[in-house]
Amino acid sequence: MRLAGLIKPLRLLRVNKTRCLLSEQHYATKAEQEEYAFNTKEYLDFKKQLRQLNVYNRDGHTCLQVDCRLCERLPAAARATATASRSQGPLAYVNKRTGAFICPNCDVKVSLTHALEAYQTVPPSGFRRLPEKSLEYATRFPNLISVTAEACEALGLKGLKETQLNAIGAQFEPEQKLLHFRLRNASHKIVGEKVLHLGDRSEQTFQCSSSSGLLIHGSGNKTKAVLVSNLLDFIVLATQNIETHCIICLPYAMQQLPQECLPGLERFKELVFWLHYDATPSWDAASAFAQKMDEKRCLLIRPTETEPAPHVALKKRLNIRHILAKATPVRHKAITTFNALRNDILSELQNIEKVNGVKWKRFPVLNKLLKGHRKGELTILTGPTGSGKTTFTSEYSLDLAMQGVSTLWGSFEIRNTRLAATLLRQFVGYPLDDKLQEFDHWATEFERLPLYFMTFHGQQPLKPVLEAIEHAQYVHDISHVIIDNLQFMMGVSSYRGDKFWEQDSIIAAFRGFATKHNVHVTLVMHPRKERQEDELTTSSVFGTAKATQEADNVLIIQDKRLTAVRGKKYLQVAKNRYSGDLGIMPMEFDKDALSYSSSVQSAKRRREREKTSPTES
Ligand SMILES: Nc1ncnc2c1ncn2[C@@H]1O[C@H](COP(=O)(O)OP(=O)(O)OP(=O)(O)O)[C@@H](O)[C@H]1O
Ligand code: FES
């Protein structure tokens, strides 16, 4: 099944705090590219075909490596003499999770269905090999020179010499005052660039169409590598002359790791994550990336005060090699000891604010009660019909997305355009219908948010929905999934039995999914019964105890306006597994901004006051 068509990115261009940019060029070409989902039969057919043709192939950690025959590169005679034991030239990579056929030599990505045609003895009629492409990445920085002593000094790394920076491939751009590094793909071709602004230490990444570039330092025969998340850490480690490990800088820090990067990591038998956890959404990014890279080969340096990120370690004069030697497997064995967990616990205690999760900017009361939004949890949100479940969930997810939490919306009830219009209005703070001249500006800003939408609408069976989410989680590094609402998955499976049993089994499936894939799932549900004079309780909502047991958080919108003339609406935290704190958050509604946030509303009042009574000077 082609799953990617079921997921629409809102943005393909993103900016974050560290100014990690995907280029405009990336935006245009990526939009044209398609992503493909794994089809087991197709994959087996492909391998069978390789055997029959005696084409070199090798099962790797994340991809099947294969002699590329997609384009016109090899003359037919050479193809005929290729042997299965030896590669004849450029390798292509078939991702074992998505089935995408990626060739770094010509920078192409096609579906396995398409690739299979190129490996037929007699290709189907109408099939034409692609012309071989010679990759030439044009830099955005034409004035690069060797790193000067002043530029080296501006980095503030004690003892570092400009000759060391030049030796690791750095260049200097004197006008913009930045250090420049080239990104290469698995075929060692330059496909992008990464720069470090010496002024504010922010970083930018620019890549050509495939986003397959990595910054690797170290000789090609090393089988171990250390992965860092920023250029400063890369410089520190690359200039240490570590004989055993290559040093690799991830292209987009901990925000995302495109599947196109994975071929460049195939040759490593051991990958050590040594990341700098500066922003909260990145906490536990290592475990998500490790799953993508094949956990078995991944080790982790858990951040503690004695084992901080490389540039901090250098500043504190800690022994870099000793810290590297302390890396332990990302995943613990099924049965473990306290000793093995010791460093995990210390690391969590020393980073408790990051462990608590991403804080809402618009809902401080939720931060107080829930402490933050964490991956791997299941939140159930419910409330009477028309009480604002969708409107609130939209604002709550927007707040997190604005802080870099990659979010996938499954809106089965209202169309994506309407949902996106609500999100946009909440983002802007007022309706744009009479301010159409502002639309382009806001839409461009809004597009930068890491928001994706499933294109399902109406009743849907659970299985394809879970498959689409799993695909999006792998390809787009999703960390928050919203399902609005669960009732749209009921009554469509083959099972025709008890309604509650069906509801419980759907909730259990999402529970399992959240844990297995370490994503936060927010499920919107209608309550089982609504007696207007009663407050909703967990039992009136769910009918069975199972739903409450499965959920980490239960949020109920209580709408007292329905029963009392001066009644108020509030959000009740009825269950909170993480910290146990229960309580309520008042929900005053601003119709213009479609917002329940007191901070948004007081900022608006302040602006209006300033407008009506300009300050006297
Ligand atoms: N506190 C409020 N006061 C007035 N209008 C509100 C309030 N909250 C939401 N609305 C409006 O009510 C309408 C319904 O809201 P929404 O769709 O979010 O509710 P819902 O609970 O998801 O509905 P349903 O039960 O149909 O799924 C929207 O037009 C929204 O703008
Ligand atoms: S070498 Fe693979 S497509 Fe050209």
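Up top is the structure.
Residues numbered from 1 in each chain as written. Chains lettered and ligands numbered in written order. Predicted model: local features only at pLDDT ≥ 70, side-chain atom pairs only at ≥ 80, totals over all residues. Heavy atoms only, no water.

Engineer: So what's going on with the pairing of strand S20 (residues 480-484)? Which residues, and what values?
Structural biologist: Where burial is concerned, most of S20 is hidden: 5 out of the 5 residues are buried. Neither face of S20 is left uncovered, since the one carrying His480, Ile482 and Asp484 and the one carrying Val481 and Ile483 both have all their residues buried. Sheet topology note: the strand S18 (residues 407-411)/S20 ladder contains 5 bridges and is parallel. Bridge pairing in S20 places serine 411 opposite aspartate 484. Inspection of the sheet shows S20 paired to strand S21 (residues 520-525) by 5 bridges, in the parallel sense. What sits directly across from histidine 480, in S21, is histidine 520. (Buried < 20%, exposed > 50% of the residue type's maximum accessible area, 1.4 Å probe, protein only. Helix = DSSP H or I, 4+ residues; strand = E, 2+ residues; numbered from the N terminus. Pairing = 2+ DSSP bridges.)

Engineer: Give me the lowdown on the sheet that holds strand S7 (residues 171-173), citing residues and values where you can.
Structural biologist: One open sheet accounts for 4 strands, arranged S7-S8-S9-S10; its pairing is antiparallel. Taken across any chain shown, the strands that pair with only one partner, and hence form the sheet edges, are S7 and strand S10 (203-207). Sheet twist, expressed as the average angle between the axes of neighbouring strands with direction ignored, equals 30°. The sheet contact formed by strand S8 (residues 178-184) and strand S9 (residues 190-197) spans 7 bridges and is antiparallel. Across the sheet, residue arginine 184 finds its bridge partner in S9, namely isoleucine 190. Relative to S9, helix H7 (residues 231-238) is tilted by about 100°, and along the sheet it contacts S8, S9 and S10. (Axes fitted to C-alpha atoms, helices over the stretch in contact; angles between N-to-C directions. Contact = heavy atoms within 4.5 Å.)

Engineer: A description of the packing of aromatic side chains should follow, citing residues and the corresponding values.
Structural biologist: The tally for this structure, following the rule as stated, stands at 13 aromatic pairs. Aromatic ring contacts, followed pair by pair, group Trp360, Phe363, Phe392, Tyr396, Phe589 and Tyr596 into a single cluster. Geometry around tyrosine 474 places lysine 292 over its ring, the cationic atom sitting 5.3 Å from the centre. We note lysine 435 situated over the ring of tyrosine 430; from NZ or CZ to the ring centre the distance is 4.9 Å. (Phe/Tyr/Trp six-rings, centres within 6.5 Å; stacked < 30°, edge-to-face > 60°. Lys NZ or Arg CZ within 6 Å of the ring centre and 35° of its normal.)

Engineer: Tell me what's going on with the site of ligand 1, and back it up with residues and numbers.
Structural biologist: Surveying the vicinity of ligand 1 reveals 15 residues, the closest of which are Gly386, Lys389, Thr390, Thr391 and Tyr596. In this structure, an oxygen atom belonging to ligand 1 sits 3.0 Å away from a side-chain N or O atom of glutamate 413. One of the side-chain N or O atoms of tyrosine 596 is found 2.6 Å from a nitrogen atom in ligand 1. Within the complex, the protein chains bury 72% of what would otherwise be the 640 Å² of accessible surface of ligand 1. No other element matches the 3 residues that helix H14 (residues 389-401) contributes to the shell around ligand 1. When grouped by side-chain class, the residues that make up the shell around ligand 1 number 4 nonpolar, 7 polar and 4 charged. (Near = heavy atom within 4 Å. Polar contact = N/O pair within 3.5 Å; in protein donor to acceptor, adjacent residues only side chain to side chain. Areas by Shrake-Rupley, 256 points an atom, 1.4 Å probe, with all protein chains shown as cover. Nonpolar A, V, L, I, M, F, W, Y, C, P; charged D, E, K, R; others polar.)

Engineer: Account for the environment of aspartate 344, naming residues and giving values.
Structural biologist: Tracing the sequence through the fold places aspartate 344 in helix H11 (residues 338-350). Separated by 43 residues in sequence, aspartate 344 and isoleucine 301 place their C-alpha atoms 9.6 Å apart. Excluding residues within four positions of it along the chain, aspartate 344 makes contact with Arg302 and His332.

Engineer: Please give an account of the sheet that holds strand S5 (residues 101-103) that cites residues and values.
Structural biologist: Strands sit in the order S2-S3-S4-S5-S6 across an open sheet of 5 strands; the sheet is antiparallel. The sheet is open, and its two borders are formed by strand S2 (57-59) and strand S6 (108-110), each paired with just one other strand. Taking each pair of neighbouring strands and ignoring which way they run, the sheet shows an average axis angle of 20°. One ladder, built from 5 bridges, connects strand S3 (residues 63-67) with strand S4 (residues 91-95); its direction is antiparallel. Looking across to S4, one finds that cysteine 63 is bridged to asparagine 95. Contacts from helix H2 (residues 40-53) reach S2, S3, S4 and S5, with the element oriented near 35° to S3.

Engineer: Could you give an account of unusual backbone geometry, naming the residues involved and the relevant values?
Structural biologist: The omega torsion of the bond from aspartate 484 to asparagine 485 falls at -5°, within 30 degrees of zero and hence cis. Despite not being glycine, lysine 177 shows a phi value in the positive range, around 50°. One non-glycine residue with positive phi stands out, namely asparagine 518, at about 50°. Within the secondary structure layout, asparagine 518 lies in the loop between helix H18 (499-517) and S21.

Engineer: Tell me about the environment of tyrosine 56, and please be specific about residues and values.
Structural biologist: As for its position among the elements, tyrosine 56 is in the loop between H2 and S2. The buried category is assigned to tyrosine 56, whose relative accessible area is 11%. Expressed as a C-alpha distance, the spacing of tyrosine 56 and aspartate 67, which sit 11 residues apart in the sequence, is 5.6 Å.

Engineer: Any chance you could break down the pattern of salt bridges for me, citing the residues and the numbers?
Structural biologist: Pairing between side chains becomes possible if they bear opposite charge and their charged atoms approach one another. Summed over the entire model, instances satisfying the criterion amount to 17 salt bridges. Among the salt bridges present, the one from arginine 97 reaches glutamate 470, with a minimum N-O distance of 3.9 Å. With arginine 97 in the loop between S4 and S5 and glutamate 470 in helix H17 (residues 462-476), this pair connects stretches of sequence that are 373 residues apart. Of the residues examined, glutamate 470 reaches a relative accessible area of 28% and is grouped as partly exposed. Aspartate 477 serves as the salt-bridge partner of lysine 292, at 2.9 Å between the closest nitrogen and oxygen. With lysine 292 in helix H8 (residues 285-293) and aspartate 477 in the loop between H17 and S20, this pair connects stretches of sequence that are 185 residues apart. For lysine 292, a relative accessible area of 5% puts it in the buried group. Via salt bridges that share partners, Arg511, Asp552 and Arg577 belong to a single interconnected network. (Salt bridge = Lys/Arg side-chain N within 4 Å of Asp/Glu carboxyl O.)

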